[in-house]
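A closer look at the structure
Listed below, chain by chain, are the residues.
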Amino acid sequence: MYGNLYDFPHYYDTIFGFGCRDEVTFLIQCFQGHAQRNVRRIFEPACGTGRLFVPLSRRGFIVSGLDINQRALTYCNDRLARHGFSRSACVGDMTRFRLPRKVDAAFNLINTFRLLTSENMAVAHMRCVGDAVNQGGLYILGLHLTPTVGRPHSRESYFSRRGQLCVKTTLRTTRRDLSERLERVRITCDVRTPTKRMRIVDDLTFRTYTLRQLVSLFEKAMCFEIVKIYDFGYDIRRPIDLSPSTQDVVIVLRKRANR
């Protein structure tokens, strides 16, 4: 069936839940090592199912988020409530939001930022996050870059399991237009339980970023400065240097003074 993967939050959470422990550890290490303030309140724009909300809440953080998909938000808030935490995710557009209270850090780790398919949307998002984060706080952003040296990744596949639910996921680039800066990616999820088998196919459109284009965006938004850069290994001991061949990045941004 063709459908929006975000409308199947349990499957989505299973697919993208495999690295949660490493991500949580990495975020906390970034808060402790790179923020210029004590980090207690944290926020995830485009939070989806809130994969990291419960483990972060258990570690004493006050977590909130927003997303445009109501099914994903319901799943997120129901899980928070089951574990005794506030239902802190709400409906919102990641390019147009204002938080009732500033936070000490924000994060967006799994490429969702690239779903903003225009420069204006991306700048608006960065400025919204800039307005939401206290001075000296962080925005930790994970995404795939388009290399200018070497060939970009065009396919990846992995297997996820949660109890008796098994999902094989394949992501394949079907079209990449660097002049328009758009990349079309087909996600195929083969779902299997003891009583059901189904295939979900979803097509997503991402904005492409070279290293230069990403740095230019940060300069245009004028909210954050780059502090450190890592890859998807989430190893705080091993920052990387950006180069024309870099593809997988987690960029630690810090709120500029007087912004």
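Structural notes, computed from the coordinates. Computed from a predicted model, the values in this text were never measured in an experiment.

A separate point is the nonpolar core. One finds Phe 113, Met 126 and Leu 214 to be the most contacted residues of the largest nonpolar core, which totals 31 residues. Residue contributions to this core peak at six residues, all from helix H5 (residues 119-132). Discounting chain neighbours no more than four positions away, the residues touching Phe 113 are Met 94, Asn 108, Ala 122, His 125, Met 126, Leu 141, Leu 143, Tyr 209, Leu 214 and Leu 217. Counting residues in each nonpolar core, the second largest holds 30 residues, with Val 24, Phe 31, Ala 35 and Leu 80 among its members.

Turning our eyes to something else, we now look at the sheet that holds strand E4 (residues 103-108). Spatially, seven strands are ordered E3-E2-E1-E4-E5-E11-E10 in an open sheet, and the strand pairing comes out mixed. Each edge of the sheet is formed by a strand with only one pairing partner; in this case those strands are strand E3 (89-91) and strand E10 (224-230). The sheet shows a mean angle of 20° between the axes of neighbouring strands, taken without regard to direction. Pairing analysis gives five bridges linking strand E1 (residues 41-45) to strand E2 (residues 62-67), with the strands arranged parallel. For Phe 43, the partnering residue across the bridge sits in E2 and is Ser 64. Strand contacts of helix H2 (residues 20-34): E1, E4, strand E5 (133-144), E10 and strand E11 (248-255), with the helix running at about 140° to E5, the strand carrying the most contacts. Sheet strands in contact with helix H6 (residues 211-221) are E5, E10 and E11, and its direction is about 15° off that of E11.

Turning to the packing of aromatic side chains, a few remarks are in order. Enumeration over the complete set of coordinates arrives at 10 aromatic pairs. Ring centres 5.3 Å apart and planes at 45° place the aromatic pair Phe 43 and Phe 97 in the tilted group. You can see Phe 43 sitting in strand E1 and its partner Phe 97 sitting in the loop between E3 and E4, a full 54 residues away along the chain. In this structure, Phe 43 and Phe 97 share a single accessibility class: buried. Judged by centre distance (6.3 Å) and plane angle (15°), the ring pair of Phe 232 and Tyr 234 falls under stacked. The class of Phe 232 is partly exposed, set by a relative accessible area of 29%. Judged by relative accessible area, which is 15%, Tyr 234 ranks as buried. Each residue in the set Phe 26, Tyr 230, Phe 232 and Tyr 234 is aromatic and connected to the rest through ring pairs, giving one cluster. The ring of Tyr 209 has Arg 181 lying over it, and the distance from NZ or CZ to the ring centre is 4.9 Å.

Here the focus is the state of the cysteines. By definition, a disulfide is the covalent link that joins the sulfur atoms of two cysteine residues. Enumeration over the complete set of coordinates arrives at zero disulfides. Of all cysteine sulfurs, the one in Cys 223 lies closest to Cys 128, which takes part in no disulfide; the gap is 9.2 Å.

Below, the discussion takes up the sheet that holds strand E6 (residues 155-162). Judged by pairing direction, the sheet is antiparallel, and its four strands sit side by side in the order E6-E7-E8-E9 without closing on themselves. Every other strand in the sheet has two partners, leaving E6 and strand E9 (197-207) as the edge strands with one partner each. Pairs of neighbouring strands in the sheet enclose a mean axial angle of 20°, with direction left out of account. Summarising the sheet, E6 and strand E7 (residues 165-177) pair through eight bridges and their orientation is antiparallel. The residue bridging Arg 155 from the neighbouring strand is Arg 172, located in E7. Along the sheet, helix H1 (residues 9-16) contacts E6, E7, strand E8 (182-192) and E9; its crossing angle with E6, the most-contacted strand, is approximately 110°.

Turning our attention to the pattern of salt bridges. Any two side chains of opposite charge can pair if their charged atoms end up close together. Taken as a whole and judged by the stated rule, the model has 17 salt bridges. In this structure, Arg 96 engages Asp 93 in a salt bridge whose closest nitrogen and oxygen atoms are separated by 3.4 Å. Accessibility expressed as a relative area gives 24% for Asp 93, which makes it partly exposed. One salt-bridge network, in which partners are shared between bridges, spans Glu 119, Arg 181, Arg 207 and Lys 220.

Definitions and cut-offs
- Residues numbered from 1 in each chain as written.
- Predicted model: local features only at pLDDT ≥ 70, side-chain atom pairs only at ≥ 80, totals over all residues.
- Heavy atoms only, no water.
- Core = buried A, V, L, I, M, F, W, Y, C linked by side-chain atoms within 4.5 Å.
- Buried < 20%, exposed > 50% of the residue type's maximum accessible area, 1.4 Å probe, protein only.
- Helix = DSSP H or I, 4+ residues; strand = E, 2+ residues; numbered from the N terminus.
- Contact = heavy atoms within 4.5 Å.
- Pairing = 2+ DSSP bridges.
- Axes fitted to C-alpha atoms, helices over the stretch in contact; angles between N-to-C directions.
- Phe/Tyr/Trp six-rings, centres within 6.5 Å; stacked < 30°, edge-to-face > 60°.
- Lys NZ or Arg CZ within 6 Å of the ring centre and 35° of its normal.
- Disulfide = S-S within 2.5 Å.
- Salt bridge = Lys/Arg side-chain N within 4 Å of Asp/Glu carboxyl O.

What is shown is where atoms sit, not what they do.
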